[in-house]
Amino acid sequence: MQIFKVIEDVITNPPIPHEPYRQSLKAWAMYCLRDKGFKVIYAQNADFAIEIKGGEKFYFKVANSAVDLDDSVSWIVWDSSTKIASLITAQL
């Protein structure tokens, strides 16, 4: 989907760098997405969701490792060795 390409571009080319000692990965990801105009909302079974026009929601969780991730939601994963965030999309 096109939306995931845009989200991936935001996460891989963020407006501010992620500094783990200053902010959580969740707070950083939410800030970056809001900065680019996404409507980031509360999600009960995920870390947050993005709501697009028409009311469709995409759910996200964050992690510091790409091991044992639930494929029912999309993930923003931080690799501390390369200092790069990546997007892993849900299996729809």
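Computed from a predicted model, the values in this text were never measured in an experiment.

Trainee: In this structure, what is going on with helix H1 (residues 2-12)? I would like to understand it.
Mentor: Note that an α-helix has 3.6 residues per turn; residues three or four places apart therefore point the same way. Taken as a whole, H1 has its buried residues at Ile3, Phe4, Ile7, Val10 and Ile11. For H1, the buried positions fall inside an angular range of 120° around the axis, keeping them on one side. Buried-residue contacts for H1 involve helix H2 (25-35), strand S2 (48-51), strand S3 (57-63), strand S4 (74-79) and strand S5 (84-88).

Trainee: Sorry, what's going on with the sheet that holds S5 here?
Mentor: The strands making up a sheet are joined through hydrogen bonds of the backbone, oriented either antiparallel or parallel. The sheet built from five strands is open, its strands ordered S1-S2-S3-S4-S5 with mixed pairing. Looking at strand neighbours, the two that pair on one side only are strand S1 (39-41) and S5, the edges of this open sheet. In this sheet, neighbouring strand axes are inclined to one another by 30° on average, regardless of whether the strands run parallel or antiparallel. Pairing geometry for S4 and S5, over five bridges, is antiparallel.

Parameters and conventions
Residues numbered from 1 in each chain as written. Predicted model: local features only at pLDDT ≥ 70, side-chain atom pairs only at ≥ 80, totals over all residues. Heavy atoms only, no water. Buried < 20%, exposed > 50% of the residue type's maximum accessible area, 1.4 Å probe, protein only. Helix = DSSP H or I, 4+ residues; strand = E, 2+ residues; numbered from the N terminus. Arc of directions from axis to C-beta. Contact = heavy atoms within 4.5 Å. Pairing = 2+ DSSP bridges. Axes fitted to C-alpha atoms, helices over the stretch in contact; angles between N-to-C directions.

All quantities given are derived from atomic positions and should not be read as evidence of function.
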